[in-house]
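Spelled out, the chains give:
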Amino acid sequence: MSRIQGYAKNAYPLANFLAPLRGARYTAQLMKLIRELTFPLIAILAAFLVGGILVALIGDDPIQTYALLIGSALSWPDGIGYTLFYATPLIFTGLAVAMGFRCGLLNIGAEGQLTVAAFATAWAGISFANSSAWMLIPLTCLVAIASGALWATIPGVLKARFGSHEVINTIMMNFIAVGVASALTQTYFKQQGDPILETLPIGDGAHIPRIGQIIPGIPARIPLNMAFVVAVLACALMYVFLWRTKWGYEIRATGANPNAAEYGGISVKKQIVLAMAVSGGLAGMVAINEVLGYRYRYYQGFSPQYGFTGIAVALLGRNHPAGVLVAALFFGALTRGGLFVDIFTEKVSKDLVLILQALVILFVAAEAVFRRRMGKTESQV
Amino acid sequence: MLELRNITKRFGNVLANDRVNIVVRPGSIHAIVGENGAGKSTAMRIAYGFYRADSGEILVDGKPQPIHTPHDAIALGIGMVHQHFMLVDTMTVAENIVLGAEPGTLISLDIRGAGKRIRSLSEEFHLAIDPGAVIENLSVGQQQRVELLKALYRQARVLILDEPTAVLTPQEVDEFFQILRRMREQGKTVIIITHKLDEVLAISDEVTVMRDGRVLGHRKTAETTAAELARLMVGREVLLRVQKKPAVPGRVILSVRRLSMKGRLNGISFVIRAGEILGIAGVEGNGQTELIEALAGLVGESELSGSIDFDGREISRLSARQRKELGIAHVPEDRQRRGLLLDASVAENSILGVHYREPAVTGRSGIMLDDASIRARAQRVIEGFDVRPANSELPARALSGGNQQKLIIGREFELPPKLLLVSQPTRGVDIGAIEFIHRKLVALRDSGCAVLLVSAELEEVTAIADRLMVIYAGRIVGEVDPTLATNEEIGLMMAGGSRTSDED
Amino acid sequence: MAEILSFSILYSTIRVATPLLLAALGGLLSERSGVINIALEGLMLAGAFTSAVVTHYAGNPWIGLLAGIGSGVFIAAIHAVACIQFDSNQVVTGTAINILMLGIPTLLSGALFETTGSTPQIPRANLIPNAPAVIAFALVPVIWYVLYRTPFGLRLRAAGENPEAADTAGVSVAAIRYTGVLLSGALAAIGGAYLSIGQSSLFTRNMTAGRGFIALAALIFGKWRPVQTMLACLLFGFAEAAAIQMQGVIPHVRVEYIQIIPYVLTMVVLAGFIGAARAPRALGRPYEKE
């Protein structure tokens, strides 16, 4: 279609201008970073604005509410400690969703994957309760990852083999996960007479240390545990995997342009299964925090929609591990602050946080259109 | 009847229509010819209200008319049959035809009454279409006639047909032309967009030739020849003739025997030797795409028959990756769809296809990408092929078409290839880059590589190829010496002129 | 086994199936127009909550039902604007709406009634126990007729199958899709209202408990057709009703295994094992000219 595509000259005027100063490579990356950050920030502001109007409508002071929300999340040590604790599962699910997105898949089944993983982890922790910690912790962690991966592989295979859409299948498998976990819990692992739907506790050897046991100054009551460290490591590992290994390259190529991936000798079907498996494994790691680090058992309904919040985290974090980390900390802070809003405001409850989450997703999702239109004038398809 | 006056339309920086003037006489069959991207479809989509022109006007029956939506066009009696049929596969013929112009009341669709009218229209024009049939059960030819009925049902006086024969078999084409003639007899005006010259001569009364968004000429069909039209159509000036020494062909690198693909390729056989460029000329859509993809390993094994020998080895069962490993490089015809990861960096694009092995990954692990060597590779491509801006971190999207193309060619040269499959290497590329790419291809040949070059640009293949084959309807219709054959001769072959009469 | 087929199980099958059917029919209108609607859950919650609150204040369930419908349409409008105007990812937006509607009722009930997500009890006389069931099953032939026998239905199907074809035929794809999505809000909201002011007498937090997703499953199981969707809802309703009755009857089969049947069946259907389940071809694809 095009004969003259002389656009490149003007594509990055600022970058070109700065190039002699800092090296073209860095300016391009800087510009990219600025562009990546703009929309998420606008989305957050817009969400807070709408949330604020809602707060005002029900008769509380938005400014005070937000001050309370943020202040209580950043206090030391409880605020920070709990914020990091609440962020931990969101890092895992955010990474899980982001991994799917990078391969062009929408894994909204992280919720089911983490449910299955939590149950399986508890099962391993109960069944091998007498093993030593050196055995049990790696074993249970492995079970967490493997069971989440396995659960996610099913819709991956169904998509690769039959072309059935992963969204519907992962939704269905969310419910199947809860059903199966609950049935198995009641049949095999329930304490006699326990009114709550939960398993027996896992063996002591499977408990992973809390941060308070390692770093003095953080009180032991804060359930922040080693899983947070694992989560941060997972971010780094995911970055390395996606951008520094040939496997990651193949996954990203498939997500970016399956036709070109095929041309480059990459099996698109294989990448779909692989990406789903890795995604599910990441979702499964939520069990490390929840089962091995906090509750020491599986119980029904332990996850306040971590899997779905993961979508918000991934979108806000631009499907990049560093972004996911920051976005998860942001949502972790909201969760922590929400508890205080619940207690100390007249009318606003912690559900404000859910609403803010939903609004952020709505705004970030709607932003795609601006990006696309900008991209269109830029790249003249 | 219909007149386009000074129509100009830009998409981004691309000038798709540049002061286009077309006059269509009432009751005529008017052909608009040109290569892909010449701007034919854009001009007609503007006439149909699908796009809005940036400037210029459309006259219907001599009066300027504002046509902003297909609705406006339909009201003025203009109908259009798109290249990709605009039919809902799961619905019936009648449902498709009445869509948007439903008879009956708001709460009751009179599909039976519509069926009657459709049946009588179908009989009037000998279309033989059952209004109750479901679209997905119809043949392509029948679907096309449904599209015609759709326009006739809306009382179109002017029918715009976008590449109507692209999807038809030769018999269907004959039948289809009968229908068009019948329409002309009934006083309809027909505009047919095509790039097949034999069809232009067979059916049209007048013809307008477009190239690069401009109208290059207007002829009465009776007063022109295929050769003249071919020259107008593909005659892009190549500013510099390519300087090259005579080829020194070596051993046979690729030997293709009776390669067939259902409905696409029909018993294609040829050989290419080291150190020569074999050109394939032909109007687009005659099997070039399929041939190249089949050789590159991108067509399912089960769809092909025949044999492909590469360097003495049968490769038709090998995957795309395995073929690349043997030294078959591939520059795809659609660089954005096939050849690039637009949002990935130039550096990442420079390793697509070899990303899994050394030197893209470090030798020790066999897994980790080796950033330094990838960047070095990208730098070699950028420098060796003058990719601008010379920044390996920019996304490929940020490059112009010519630079994207140089990036792909550079990447494939790095393989290094024993055989290069290259398709439309200079499409949408500026003059400077064209020359550059041509020189590189010749240099590659001189270094002993075999090159299979497919191009719709006749000037390009005749200038570069050492031997030239012409493809038509999925078969090789002849081979000529590009230094001796005239454009007229080749043009005739491209138009199917020399095809044998016992075709099935 | 005799008691499984008793009158009472028939009755409870219909009770369970009604909200599913309403939401599924709503989803059908949205998805046949080309917009994925996994927000059914949230739309049901909107209807359930609003109708309970308004019935409580107005003392009239019909006004409550109307208000519920209004809220469903309003929330669906958010989905519609995001998907049609802003080309948002329809699944992502639907998920956001589900989260939103988990939060908003609880926030408002806290502010209005100082509860954590529930509304005050509504007197028995102010409930509408059977009306939504009648509406739901009466709607099946109505929607069938609209879909296959009216110009609007033709356009709706065309917008979901091939929006380019609809557009070139002079149909406004956006207007059709808006109508489909807004109607889905209305119907899902009636389904929700049936839960709060029909079967129950108050709203409780997350009272739909995944019914929106079962409705979605029924829609897929019913291959996006009204009558089959109704049958799927009845099947899923029966599974649930039977599961409740069988609790403890067969000792080693847990009720959860029966409850997951709809989901498993849906996956099986989707993989093409029980005839080809073909979604509207343009489902989930924003329509953009050029």
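A brief look at the structure comes next. (Residues numbered from 1 in each chain as written. Chains lettered and ligands numbered in written order. Predicted model: local features only at pLDDT ≥ 70, side-chain atom pairs only at ≥ 80, totals over all residues. Heavy atoms only, no water.)

## Quick word on the pairing of strand β4 (residues 55-60) of chain B
In summary, the side chains of a regular strand alternate between the two faces of the sheet. Residue and element names in this part refer to chain B. With five bridges connecting them, strand β1 (residues 2-11) and β4 associate as antiparallel partners. Looking at the pairing, L2 lines up with V60 of β4. Of the pairings in the sheet, the one linking β4 to strand β5 (residues 63-64) comprises two bridges and is antiparallel in character. What sits directly across from V60, in β5, is K63. Here β4 hands over to β5 after two residues, with D61 in that stretch at a positive phi of 50°. (Pairing = 2+ DSSP bridges. Helix = DSSP H or I, 4+ residues; strand = E, 2+ residues; numbered from the N terminus.)

## Quick notes on the environment of R278 of chain C
Along the polypeptide, R278 of chain C turns up in the segment after α12 (261-270). Residue R278 of chain C is classed as partly exposed on the basis of its relative accessible area of 35%. Sequence separation between R278 of chain C and P123 of chain C is 155 residues, and the spatial gap between their C-alpha atoms is 46 Å. When near neighbours in sequence (up to four residues on either side) are disregarded, R278 of chain C contacts T90 and E136 of chain B together with E161 and W224 of chain C. (Buried < 20%, exposed > 50% of the residue type's maximum accessible area, 1.4 Å probe, protein only. Contact = heavy atoms within 4.5 Å.)

## Notes on helix α10 (residues 226-246) of chain C
Residue and element names in this part refer to chain C. For α10, with 21 residues, the first-to-last C-alpha span of 30 Å sits near the 30 Å given by 1.5 Å per residue. Taken residue by residue, α10 has P226, T229, M230, A232, C233, F236, G237, A239, A241, A242, A243 and M246 as its buried positions. Elements that come into contact with the buried residues of α10 comprise α1 (7-32), α5 (131-149), α9 (211-221), α11 (255-259) and α12. (Expected span 1.5 Å × (residues − 1).)

## Let's talk about the side chain of R32 of chain C
All names here are of chain C. Inspection of the secondary structure puts R32 in helix α1. Buried within the structure, R32 lacks any salt-bridge partner; its nearest side chain of opposite charge belongs to E161, at an N-O separation of 5.0 Å. At 2.6 Å, the side chain of R32 and the backbone oxygen of W224 are in polar contact. With near-sequence residues (within four places) excluded, R32 lies in contact with L147, Y148, L156, R157, G160, W224, R225 and P280. (Lys, Arg positive; Asp, Glu negative; His and termini not counted. Salt bridge = Lys/Arg side-chain N within 4 Å of Asp/Glu carboxyl O. Polar contact = N/O pair within 3.5 Å; in protein donor to acceptor, adjacent residues only side chain to side chain.)

## What to know about the sheet that holds strand β15 (residues 277-281) of chain B
Residues and elements named next belong to chain B. Taking strand neighbours across the sheet as the criterion, the six strands line up as β18-β19-β20-β15-β21-β22 in an open arrangement whose pairing is mixed. In this open sheet, the two strands that pair with only one neighbour each are β18 (328-331) and β22 (475-480). Strand-to-strand, the axes of this sheet are offset by a mean angle of 20°, without reference to chain direction. Sheet topology places β15 next to strand β20 (residues 450-455); five bridges connect them, and they run parallel. (Axes fitted to C-alpha atoms, helices over the stretch in contact; angles between N-to-C directions.)

## Examining the interface of chain A and chain B
Each partner contributes to the interface: chain A provides 34 residues, whereas chain B provides 49 residues. Across the chain A/chain B interface, buried area totals approximately 3800 Å², and carbon plus sulfur atoms make up 56% of it. If you look at where chain A meets chain B, you find three salt bridges. Here R338 of chain B ties to E262 of chain A by a salt bridge, and the two come within 2.9 Å at their closest N and O atoms. Where chain A meets chain B, there are 18 residue pairs in polar contact (both at pLDDT 80 or more). Of all the secondary structure elements, the ones that give two or more residues to the side of chain A that touches chain B are α3 (24-57), α10 (226-244), α11 (246-256) and α12 (258-263) of chain A. (Buried area = accessible area lost by both parts, 1.4 Å probe.)

## Some details on the interface of chain A and chain C
Buried accessible area, meaning the area lost when the parts come together, often serves as the stated size of an interface. Listed as interface residues are 48 residues of chain A and, on the opposing side, 40 residues of chain C. Both faces combined, the contact of chain A with chain C buries some 3900 Å², and carbon together with sulfur accounts for 77% of it. In terms of surface lost to chain C, no three residues of chain A exceed M172, F175 and L362 of chain A, which account for 15% of the buried area on that side. Where chain A touches chain C, the interface holds one salt bridge. Residues D351 of chain A and R205 of chain C are paired through a salt bridge, measuring 3.0 Å at the closest nitrogen-oxygen approach. Summed over the shared surface of chain A and chain C, the number is five residue pairs in polar contact (both at pLDDT 80 or more). Of all the elements in the fold, those that place two or more residues in the side of chain A that touches chain C are α7 (133-162), α8 (166-189), α15 (306-316) and α17 (351-379) of chain A. The leading source of residues in the side of chain A that touches chain C is α17 of chain A, at 16 residues. Looking at side-chain class alone, the side of chain A that touches chain C contains 33 nonpolar, 10 polar and five charged residues. (Nonpolar A, V, L, I, M, F, W, Y, C, P; charged D, E, K, R; others polar.)

## Here we look at the nonpolar core
Counting 281 residues, the largest nonpolar core has L2, M44, I78, L180 and M183 of chain B as its most contacted members. A total of 13 residues in this core trace back to one element, the largest contributor, which is helix α5 (residues 78-102) of chain A. Discounting residues that sit within four places of it in the chain, L2 of chain B has contacts with I22, V23, V24, A47, I58, L59, V60, I78, V158 and I191 of chain B. Counting residues in each nonpolar core, the second largest holds 97 residues, with I374, L458, L468 and Y472 of chain B among its members. (Core = buried A, V, L, I, M, F, W, Y, C linked by side-chain atoms within 4.5 Å.)

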